[in-house]
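# Coordinate analysis (summary)
Each chain is listed here by its residues.
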Amino acid sequence: MAAGKVPGSKELMQMDLYGLLGIEADAGQREIKKAYRQKALTCHPDKNPDNPRAAELFHQLSQALEILTDGAARAAYDKLRKAKEAAAKRTQQLDDKRKKVKLDLEAREREAQARVTEEEEVLVAQTLEQEIIRLREEGSRQLEEQKRLILEQITTEREQKMQGSRGGNTEWEKGPAKIKLKWKCKKEDETKGGYSEDVLIRLLEKYGQVLHIVVSSKSKGSAVAEFATFKAADLAVRNEIGLLNNPLKISWLSTPPPSAVSDNQSKTSSGSTTHSSQNSVRSERDFESLVLMKMRQAAERQRLIEQLQREDEEADA
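Residues numbered from 1 in each chain as written. Predicted model: local features only at pLDDT ≥ 70, side-chain atom pairs only at ≥ 80, totals over all residues. Heavy atoms only, no water.

## Some points on helix α4 (residues 52–68)
Our working rule: In this text, helices come from DSSP runs of H or I with a minimum length of four residues, and strands from runs of E with a minimum of two, each type numbered from the N-terminal end. Expected span, for any helix, means 1.5 Å times one less than how many residues it has. Two N or O atoms form a polar contact when they lie within 3.5 Å of each other; inside protein one atom must be a possible hydrogen donor and the other a possible acceptor, and for residues adjacent in sequence the pair counts only when both atoms belong to side chains.
Across its 17 residues, α4 extends 25 Å between first and last C-alpha, which sits within 8% of the 24 Å expected from 1.5 Å per residue. Measuring from the side-chain oxygen of the N-cap residue of α4 to the backbone nitrogen of Arg 53 gives 3.0 Å; that N-cap residue is Asn 51.

Structural data, given as structure tokens:
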């Protein structure tokens, strides 16, 4: 094997990474990660221990995620892909008649142009191969994070199945569930204390699907987020601290799961994230009725906006 070569890198450069993930070439980071999780879950080796083809596909998906979530590697891949598309288009435009009647001069010019094009393609391919080598040497944080989330989801699915077989009650995990986020932010601060909607989504989506997030336009340093499940919201409330230079304070808007009530009380006494004391006195009947509510996402988002606006008006008063 030649020095500096990475096994499989040339085969990887020939693959349609966007087609492999089932996304468009202009897809953003969130869309790429979402497509990866959906496809990787179906062919994860833990779910298909006896299917070598599934393991191979999972490996290809992981390589695609590595390249497409890294700015330099994706730029090199896109450049190589466009060069190949342009070469294929030029070849298609040459019909048999033109090939037969080409003058020697035209043939020489075409040959010279082809050499230049081939040299450019070689340089682009070398650039992409170097980026692939760099990714493999450094390790991909994006890939490791997505793999961790997939394993957590698989573990959660298994736990839910086991609890269901034992007759356990997992109603609180169904959601949706809402939390409130607060942070320090001065009125004249255009950066909003470092927290934009995209930053908040990036911080929260590692715990599970975020259905909505609304950043208050009136009350600085305030937002409401809605998760698809109580399980994801509970993980965020327990574990997320936000930016180191401006930590988040997270509290429940939905009634928390029973296990979180006692935990939140102990956290409050030790100086950890503070939660509303009203949550601990909500009745079981209120909790069950809230969990079982199923509203369409558009109506739910509007209700969240109205609720946040009311709180802003109360704060102004």
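## Some details on the side chain of Gln 60
Threshold: Only protein chains enter the accessibility calculation, which uses a 1.4 Å probe; a residue is then buried when its area is under 20% of its type maximum, exposed when over 50%, and partly exposed in between. A contact between two residues is defined here by any heavy atoms of the two lying within 4.5 Å.
Checked against the element boundaries, Gln 60 lands in helix α4. Judged by relative accessible area, which is 17%, Gln 60 ranks as buried. Not counting residues within four places of it along the chain, the set of residues in contact with Gln 60 comprises Met 15, Leu 20 and Arg 53.

## Quick look at the layout of surface pockets
Quick note on the threshold: Whether a set of points on the 1 Å grid over the protein atoms alone is a cavity depends on a 1.4 Å probe fitting there but being unable to get out, while an open set qualifies as a pocket with protein on both sides within 12 Å along at least five of seven lines; lining residues are those with an atom within 4 Å of a point. Grid points are joined across faces, edges and corners, and a volume is the space filled by probe spheres set on the points. Under the scheme applied, nonpolar residues are Ala, Val, Leu, Ile, Met, Phe, Trp, Tyr, Cys and Pro; charged residues are Asp, Glu, Lys and Arg; polar residues are all the others, including Gly.
Volume-wise, the largest pocket comes out at about 940 Å³. Along the wall of the largest pocket there are 27 residues; nearest its centre are Gln 153, Glu 205, Tyr 207, Gly 208 and Gln 209. Looking at the lining of the largest pocket, the elements with two or more residues in it are α3 (29–43), α8 (141–165) and α10 (230–239). For the lining of the largest pocket, the element with the most residues is α8, which contributes seven residues. Among the residues making up the lining of the largest pocket, the classes are represented as eight nonpolar, eight polar and 11 charged.

Geometric descriptors of this kind do not, in isolation, establish any biological role.
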